[in-house]
Amino acid sequence: MSQTCLIIGGNSGISESLVSLLSAGDTDLSLASRERGESLPLSAEWQEFDATDSSAKLDIPEVLDGLVYCPGSITLKPFGRLSEDDFRNEWELNFLGAVRVIQQALPALKKSNSASIVLYSTVAVQLGMPYHASIAAAKGAVEGLTRSLAAELAPKIRVNAIAPSLTDTPLAQAFLSSDEKRKAAEQRHPLQQVGKPEDMAELTRFLLSQQSQFVTGQIMRPDGGISSVKTL
Ligand SMILES: NC(=O)c1ccc[n+]([C@@H]2O[C@H](COP(=O)([O-])OP(=O)(O)OC[C@H]3O[C@@H](n4cnc5c(N)ncnc54)[C@H](OP(=O)(O)O)[C@@H]3O)[C@@H](O)[C@H]2O)c1
């Protein structure tokens, strides 16, 4: 069955991989980001949109079956060096941006027979990690939002979040920029690897699809086992 999805992002990392998966299937794609990028399929509709601009209005299809909010940041600093602006910026992009997009999309999502919203958190909410205070706080709010909205919008709209560990995307390049860093990152994970954009895109596709029709209010943890498993 064909579906219409709005993705905030689409030209980089996890969302670029998601666009490539969905455009190979029966999905009408509407994409919104600050730059168009080179990789977007010609069949997808694109609009310029900055999620941190509180007055920015999205052009939203009449009926929406799926909504994915992909913008995110990784500001890692010792707590004492995090400014109020650091906290505010993470909050704006990761949390308030998602709130504003969902509020704009809600009328169209309500017109679908079976709609799904997918948000992005981080492993650093479940697993305390040094220097992650500002991003963990903002994404923690995303996880709270996910469960609250899942309750409020059931049974017609499902709401779930994905909380990846380090994933090989442009956002994470600083942590994977040498063989040594990559090896150390892989070895920290019980599965001895970092995430691939396709891992997250596949999970997102599942959460958008009817295959996950009994799943809502969940925080999925594709994190190589790091938040829940200790190996010998
Ligand atoms: N990669 C990781 O290691 C990792 C780990 C944990 C969680 N995550 C989360 O996973 C999600 C996807 O991350 P990623 O690694 O795929 O990031 P990415 O490569 O930086 O891609 C982010 C996407 O969001 C768009 N975007 C960024 N800021 C935006 C804004 N202000 N307004 C509209 N669109 C904006 C970007 O397009 P434009 O720049 O053109 O706007 C891009 O398409 C994020 O929420 C991130 O926090 C990632």
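This one's a predicted model, so the numbers in the text were calculated from it and none came from an experiment.

Enquirer: Would you mind going over the site of the ligand in detail, with residue names and values included?
Expert: Near the ligand, the surroundings consist of 31 residues, among which Asn11, Ser12, Arg34, Thr167 and Thr169 are the closest. Residue arginine 34 places a side-chain N or O atom 2.8 Å away from an oxygen atom belonging to the ligand. A distance of 2.9 Å is found between an oxygen atom of the ligand and a side-chain nitrogen or oxygen belonging to lysine 139. Contact with the protein chains removes 93% of the 890 Å² of surface that the ligand exposes when unbound. Of the residues forming the shell around the ligand, the biggest block, three residues, is contributed by helix α1 (residues 13-23).

Enquirer: Any details on a negative patch on the surface? Residues and values, ideally.
Expert: Together, Asp26, Asp28, Glu45 and Asp59 make up a region of like negative charge exposed at the surface. With respect to the helices and strands, aspartate 59 occurs in the loop between β3 (45-48) and β4 (66-69).

Enquirer: Talk me through the packing of α1 against helix α6 (residues 197-208); I want residue IDs and the actual numbers.
Expert: Look at α1 against α6: their axes get within 8 Å of each other, and the N-to-C directions meet at 55 degrees. As far as their axial angle goes, α6 and α1 are oblique. Along this stretch, α1 crosses α6, giving a crossing that reads as right-handed. In this structure, α1 uses Gly13, Ile14, Ser17, Leu18, Leu21 and Leu22 to contact α6, whose residues at the interface are Pro197, Glu198, Met200, Ala201, Glu202, Thr204, Arg205 and Leu208. Grouping the amino acids of the contact of α1 with α6 by side-chain chemistry returns eight nonpolar, three polar and three charged.

Enquirer: Could you give me a rundown of the sheet that holds strand β6 (residues 157-162), with the residues and numbers involved?
Expert: With respect to topology, seven strands assemble into an open sheet ordered β3-β2-β1-β4-β5-β6-β7, the strand pairing being parallel. Of all strands in the sheet, those with a lone pairing partner are β3 and β7 (219-220), marking the two edges. By the bridge criterion, three bridges tie β4 to strand β5 (residues 115-120) in an arrangement that is parallel. Residue pairing in the sheet places valine 68 in a bridge with valine 118 of β5. In this fold helix α2 (residues 84-110) packs onto β1 (3-8), β4, β5 and β6, with an angle of close to 170 degrees to the strand it touches most, β4. Sheet strands touched by helix α4 (residues 133-153): β5, β6 and β7. Its angle to β6, the strand with the most contacts, is close to 160 degrees.

Enquirer: Describe the packing of aromatic side chains, and please don't skip the residues or the numbers.
Expert: Tallied over the full model, the rule gives two aromatic pairs. Here phenylalanine 79 and phenylalanine 87 contribute two aromatic rings whose centre-to-centre distance is 6.3 Å and whose plane-to-plane angle is 80 degrees, an arrangement assigned as edge-to-face. Under the relative-accessibility criterion, phenylalanine 79 is labelled exposed at 61%. Look at phenylalanine 87 and you get partly exposed, because its relative accessible area is 27%.

The rules behind the values
- Residues numbered from 1 in each chain as written.
- Predicted model: local features only at pLDDT ≥ 70, side-chain atom pairs only at ≥ 80, totals over all residues.
- Heavy atoms only, no water.
- Near = heavy atom within 4 Å.
- Polar contact = N/O pair within 3.5 Å; in protein donor to acceptor, adjacent residues only side chain to side chain.
- Areas by Shrake-Rupley, 256 points an atom, 1.4 Å probe, with all protein chains shown as cover.
- Helix = DSSP H or I, 4+ residues; strand = E, 2+ residues; numbered from the N terminus.
- Patch = residues over 30% accessible without salt bridge, like charges linked within 9 Å, V, L, I, M, F, W, Y side chains within 5 Å.
- Salt bridge = Lys/Arg side-chain N within 4 Å of Asp/Glu carboxyl O.
- Lys, Arg positive; Asp, Glu negative; His and termini not counted.
- Charge placed at Lys NZ, Arg CZ, Asp CG, Glu CD.
- Axes fitted to C-alpha atoms, helices over the stretch in contact; angles between N-to-C directions.
- Parallel < 35°, antiparallel > 145°, perpendicular 65-115°, else oblique.
- Left-handed = near helix turned anticlockwise from the far one by under 90°.
- Contact = heavy atoms within 4.5 Å.
- Nonpolar A, V, L, I, M, F, W, Y, C, P; charged D, E, K, R; others polar.
- Pairing = 2+ DSSP bridges.
- Phe/Tyr/Trp six-rings, centres within 6.5 Å; stacked < 30°, edge-to-face > 60°.
- Buried < 20%, exposed > 50% of the residue type's maximum accessible area, 1.4 Å probe, protein only.

Function cannot be read off these values alone, since they describe shape.
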